[in-house]
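Spelled out, the chains give:
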Amino acid sequence: MGKTKIRGVISGVSGSVPFKILVCIFGGFLYSLGNNVFIRPLGLYSGGVVGYSMLATSFVEKSLGHATNLYAICYVVINIPLFFLAYFGINKRFFWRTVLGVGSITLFGYIIPTLQTPVIDNILACSVIGGALTGVGTGVTLLAGGCGGGTDILGVWASKKKPDNSVGKFAFIFNLFLYVILFFVFDFQVVIYTIIVAIANSIAIDRTHYQNITLNLMIFTKKDGMDKYLFGKRRRGITEWDGKGSYTNEDTKVYVTCISKYEEHEVIDDIMEYDPQAFVIINEHVRVRGNFEKHI
């Protein structure tokens, strides 16, 4: 199955609430798997609130003399104040799916055993795989309309305030303070490989989280009312031009709008449902300034 088809499957069922719930749970599983199997056995740290939770837990583990999964419980406690930001600063639907995402990370983080030795005898490979797994876990949870809590909540809130912001970039900046702490508490190697984990995590989030990719659509149709139809269904601003076909010499309506890649398949389906003869040009990775809201 190709990448385009996979994206189509994900977006095509994006309106299904049970599917989104399963995706949130699966995202929590991937995140915890990356942490407990690839990152923690190396004595490395994830980014964001999980990283701070792991750092606090490491001091407890040194006192106890054995590994624990208490970071999952600590993660929930730290997230409680951020739930208020998700509820009041973003929306209620995002809040409930964030609760589900945090709950999934907590559950799987607690029940998936932390390996005593790395699964791969290569610290660089484990760092990249662990970072990628946690990033994909975060990304698919965001794709389902929720998040794994912590800096993801802050990142989504920031991206709604300013379109140039992304969850991955925001998390990486937030983690700089964590690296400073690690530099003074642990050796230089731990800091370097933890940064590699964070880079792999950030790239995976932004590759998976389609809300970070903005598309420009140019829609050519001979049917009137496409702008009102799309605005009524998608709440996106649309600019209308009057055009004329060079070959047919027939009048044509030209509509221009911007959407996130997350919305692509549903919007295209709406366009073709209204006018099966419509012609659409899609430009990816465009930069937007002004009043452009990232739909969640």
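Asks: Sorry if this is basic, but what is going on with the nonpolar core here?
Replies: What tends to happen in soluble globular proteins is that the nonpolar side chains get buried as a cluster. In terms of nonpolar packing, the biggest core is built from 32 residues, with Tyr-45 and Leu-182 touching the most fellow members. For this core, the secondary-structure elements that each account for two or more residues are helix H2 (17–39), helix H3 (48–64), helix H4 (70–90), helix H5 (92–111), helix H7 (151–161), helix H8 (167–185) and helix H9 (188–208). It is H9 that provides the largest number of residues to this core, a total of six residues. Residues within four places of Tyr-45 in sequence aside, it is in contact with Ile-39, Gly-51, Met-54, Leu-55, Ser-58, Leu-182, Phe-186, Val-190, Thr-194 and Val-197. Grouped together as the second largest cluster of nonpolar side chains are 13 residues, Leu-230, Tyr-255, Ile-268 and Val-280 included.

Asks: What exactly am I supposed to notice about the sheet that holds strand S3 (residues 251–260) here?
Replies: Strands in a sheet are paired, the pairing made by backbone hydrogen bonds, and the direction either parallel or antiparallel. Across the sheet, which stays open at both edges, the four strands sit in the order S2-S3-S1-S4 with antiparallel pairing between neighbours. Two strands lie at the open edges of the sheet, namely strand S2 (239–244) and strand S4 (279–284), each paired on one side alone. The mean inter-strand angle of the sheet, taken between neighbouring strand axes irrespective of direction, is 20°. Sitting on the sheet, helix H11 (residues 264–274) touches strand S1 (214–221), S3 and S4, and the angle it makes with S4 is about 165°.

Asks: Would you mind going over the packing of helix H6 (residues 123–143) against H9 with me for this structure?
Replies: For any two helices packed against each other, one specifies the crossing angle of their axes together with the interaxial distance. Where H6 contacts H9, the two axes come as close as 7 Å, and the packing angle between them is 35°. As for how H6 packs across H9, the hand of that crossing is right-handed. Looking at the contact of H6 with H9, its residues break down into 14 nonpolar, nine polar and no charged.

Asks: I'm lost on the confidence of the model for the protein in this one. Help?
Replies: The predicted coordinates ought not to be read in detail in places where the model reports low pLDDT. Per-residue pLDDT for the protein averages 77, and the proportion of residues at 70 or more is 79%. Here helix H1 (residues 3–12) is the element of the protein with the lowest mean pLDDT, 42, and H6 is the one with the highest, 88. Note that residues 1–14 has pLDDT below 50 and, in this model, 17 contacts with residues that lie over four places away or in other chains.

Asks: Quick question: what am I supposed to make of the packing of aromatic side chains here?
Replies: Two aromatic rings are characterised by how far apart their centres lie and by the angle between their planes. Under the defined criterion, the tally for this structure stands at nine aromatic pairs. Aromatic pair Phe-183 and Phe-188: ring centres 6.3 Å apart, planes at 85°, arrangement edge-to-face. Within the aromatic cluster, the residues linked to one another by ring pairs are Phe-83, Tyr-87, Phe-88, Phe-95 and Trp-96. Positioned above the aromatic ring of Tyr-274, the side-chain terminus of Lys-223 is 4.7 Å from the ring centre.

Asks: Please clarify how the pairing of S2 should be interpreted in this entry.
Replies: When a strand is regular, its side chains alternate between the sheet's two faces. Sheet topology note: the S2/S3 ladder contains six bridges and is antiparallel. Residue pairing for S3: Glu-240 is matched across the bridge by Tyr-255. In sequence, S2 turns back onto S3 through a hairpin of six residues, with Asn-249 there showing a positive phi of about 60°.

Asks: Please clarify how the packing of H2 against H6 should be interpreted in this entry.
Replies: Look at H2 against H6: their axes get within 7 Å of each other, and the N-to-C directions meet at 165°. The angle between H2 and H6 places the two elements in the roughly antiparallel class. Along this stretch, H2 crosses H6, giving a crossing that reads as left-handed. Across the interface between the two elements, Val-23, Cys-24, Gly-27, Gly-28, Leu-30, Tyr-31, Leu-33, Gly-34, Asn-35, Phe-38 and Ile-39 of H2 pack against Cys-126, Ile-129, Gly-130, Gly-131, Leu-133, Thr-134, Val-136, Gly-137, Thr-138, Val-140 and Thr-141 of H6. Per-class residue counts for the contact of H2 with H6 are 12 nonpolar, 10 polar and no charged.

Quick notes on the rules
Throughout this document, residue positions are counted from 1 along each chain, in the order its sequence is written. Reporting of local features is limited, given that this is a predicted model, to residues whose pLDDT is at least 70; pairs of side-chain atoms are given and counted only at 80 or more, and all residues count toward the totals for whole chains, interfaces and linings. The basis for the side-chain values is all heavy atoms of the structure; hydrogens and waters are excluded. Throughout, nonpolar core names a set of buried Ala, Val, Leu, Ile, Met, Phe, Trp, Tyr and Cys residues whose side chains join them through atoms within 4.5 Å. Under the scheme applied here, a residue whose accessible area is under 20% of the maximum for its type counts as buried, over 50% as exposed, and between as partly exposed, the area being computed with a 1.4 Å probe on protein chains only. Think of it this way: any DSSP run of H or I at least four residues long counts as a helix, any run of E at least two long counts as a strand, and we number them from the N terminus. We call two residues contacting when some pair of their heavy atoms lies within 4.5 Å. The rule for pairing is simple: two strands pair if DSSP sees at least two bridges between them. Fitting a line to C-alpha atoms yields each axis, with helices limited to the stretch in contact; the angle taken between N-to-C directions then spans 0 to 180 degrees. The crossing is said to be left-handed when, going from far helix to near helix, the turn is anticlockwise and less than a right angle, and right-handed when the turn is clockwise. Only Asp, Glu, Lys and Arg are considered charged in this grouping, and only Ala, Val, Leu, Ile, Met, Phe, Trp, Tyr, Cys and Pro are considered nonpolar; every other residue, Gly among them, is considered polar. pLDDT expresses how confident the predictor is about each individual residue, on a scale running from 0 to 100. Between rings of Phe, Tyr and Trp, where Trp is taken as its six-membered ring, a pair exists when centres lie within 6.5 Å; planes separated by under 30 degrees are stacked, by over 60 edge-to-face, and by other angles tilted. For a ring to carry a charge above it, either NZ of a lysine or CZ of an arginine must fall within 6 Å of the ring centroid while also lying within 35 degrees of the normal to the ring plane. Angular relationships are summarised with four words: roughly parallel below 35 degrees, roughly antiparallel beyond 145, roughly perpendicular across 65 to 115, and oblique for the angles in between.

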